[in-house]
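Descriptive analysis of the structure
Residues per chain, in single letters:
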Amino acid sequence: MEITNKTKQAFIAGEVALVGAGPGDPDLLTLQAYRFIKQAEVVIYDRLVSAEIMSLLPSDCQQIYVGKKQADHRVPQDGINQLLVDFALLGKKVVRLKGGDPFVFGRGSEEAQFLLSNGVACHIVPGMTAASACTSYAGIPLTHRKVARSCTFITGNVQDNGALDLPWNALSDKEQTIVFYMGIKSLPRIIEELIKAGRELDTPAAVIRKGTRQDQQVVKGNISNLAELVIQHKITPPSLIVIGDVVGIFPSEQLTNLGYLAP
């Protein structure tokens, strides 16, 4: 079906907007995200939404926190889905505010399916995903001519049974950048499997903690010592893992501020 109406869809009472807040820096919000945030009557928000972005909400907006940590889901996903429907059926303009992009490891598509199955329309508002924004602010390009011809985003979360079943052999290409979301806890297993798949021990690697924020932390090494560096520098989530030769394109001393490279 071809869409013939090219105008922006108005945000009306009884609808939900799945809004990507990006990785934290409010300057990286899209204008569309800002427009929806300023109309919110109810906001249901995640742990990774920064305080600076939360401060943009209307003063009379009802705020409901449903943040998740590994093995600590304050409100289970089924409960989040139902909250969205319940507030929409009360005739509210509901904003589901999510870190990054709702459709990149954000379960936004699941929430959209649930909303639609319950007769609730929803807006999809993209946000800058961490793999793009955090690496840029850390001076790491995802691709570079003659160095990296492809990039793969992967969740490093283990399954309920403790397994980390990934297509390891497909991640062996030296000219491929790999970005792991939520992989700090499973980093030793990730490194072990990448080496088994054929990645060289001196493959550059980095961890970016709290990317794009004022307390951003970037640690660079290679896959043979990255797990040790994470322990040494006390790296904890939220963190992003980057594997590939692009990590070494710009020396660390050239990154003198967030997203700022100096000669």
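Report on the accompanying structure. (Residues numbered from 1 in each chain as written. Predicted model: local features only at pLDDT ≥ 70, side-chain atom pairs only at ≥ 80, totals over all residues. Heavy atoms only, no water.)

1. Considerations on helix H4 (residues 108–117)
Rules: Summary of the burial criterion: residues with accessible area below 20% of their type's maximum are buried, those above 50% are exposed, and those between are partly exposed, where the area comes from a 1.4 Å probe applied to protein chains only. Secondary structure is summarised from DSSP: a helix means a run of H or I of at least four residues, a strand means a run of E of at least two, and numbering begins at the N terminus for each. In this description, one arc is meant: the one made by directions from the helix axis to the C-beta atoms.
Gly108, Glu111, Ala112 and Leu115 are the residues of H4 that are buried. End-on view of H4: buried residues confined to an arc of 100°, all on one side of the axis. The exposed set on the far side of H4, more than 90 degrees from its buried face, consists of Gln113 and Ser117. Looking at the residues trailing H4, positive phi occurs at Gly119, about 75°.

2. As for a nonpolar patch on the surface
What counts is decided by this rule: The residues that make up patches have over 30% relative accessible area and no salt bridge, and they are joined within 9 Å when like-charged or within 5 Å when they are Val, Leu, Ile, Met, Phe, Trp or Tyr. In these tables, accessible area is a Shrake-Rupley quantity obtained with a 1.4 Å probe, and a residue counts as shielded only by the protein chains included in the view. Any Lys or Arg side-chain nitrogen located within 4 Å of an Asp or Glu carboxyl oxygen qualifies as a salt bridge.
Together, Phe105, Phe153 and Met182 line one region of the surface with nonpolar side chains, adding up to about 260 Å² of accessible area. Its place among the elements puts Phe105 in the loop between strand S6 (94–98) and H4.

3. Points about the nonpolar core
Heads up, the rule is: Here, nonpolar core refers to any group of buried Ala, Val, Leu, Ile, Met, Phe, Trp, Tyr and Cys residues whose side-chain atoms link them within 4.5 Å. Any two residues whose heavy atoms approach within 4.5 Å are treated as being in contact.
Trp168, Phe180, Leu194, Ile241 and Ile243 are the most contacted members of the largest nonpolar core, which totals 22 residues. Counting only elements with at least two residues in this core, the list comes to strand S9 (176–181), helix H6 (187–197), strand S10 (204–209), helix H7 (226–232) and strand S12 (239–243). Per-element accounting of this core gives the leading share, five residues, to H6. Once residues lying within four places of it in the same chain are set aside, the contact partners of Ile241 are Ile178, Val179, Phe180, Gly183, Ile184, Leu187, Ala206, Val207 and Leu226.

4. A word on unusual backbone geometry
Put simply, Pro237 and Pro238 share a cis peptide bond, and its omega is 0°. The backbone phi angle of Phe105 is positive, close to 55°, even though this residue is not glycine. Given the relative accessible area of 37%, Phe105 is considered partly exposed. Although it is not a glycine, Thr212 sits at a positive phi angle of roughly 75°. Residue position: Thr212 is located in the loop between S10 and strand S11 (217–222). Thr212 sits in the buried class, given a relative accessible area of 2%.

5. Overview of the sheet that holds S11
Strand pairing in a sheet relies on backbone hydrogen bonds. The paired strands run either parallel or antiparallel. Stated formally: For two strands to count as paired, DSSP must find a minimum of two bridges between them. Only the stretch in contact is used when fitting a helix axis, every axis being a line fitted to C-alpha atoms; angles between N-to-C directions are given from 0 to 180 degrees.
Ordered in space as S8-S9-S12-S10-S11, the five strands form an open sheet in which the pairing is mixed. Two strands lie at the open edges of the sheet, namely strand S8 (150–155) and S11, each paired on one side alone. When the angles between neighbouring strand axes are averaged without regard to direction, this sheet yields 15°. As paired elements, S9 and S12 share four bridges and run antiparallel to each other. Looking at S12, one finds that Tyr181 is bridged to Leu240.

Honestly, that's just the spatial picture; any functional story needs more than this.
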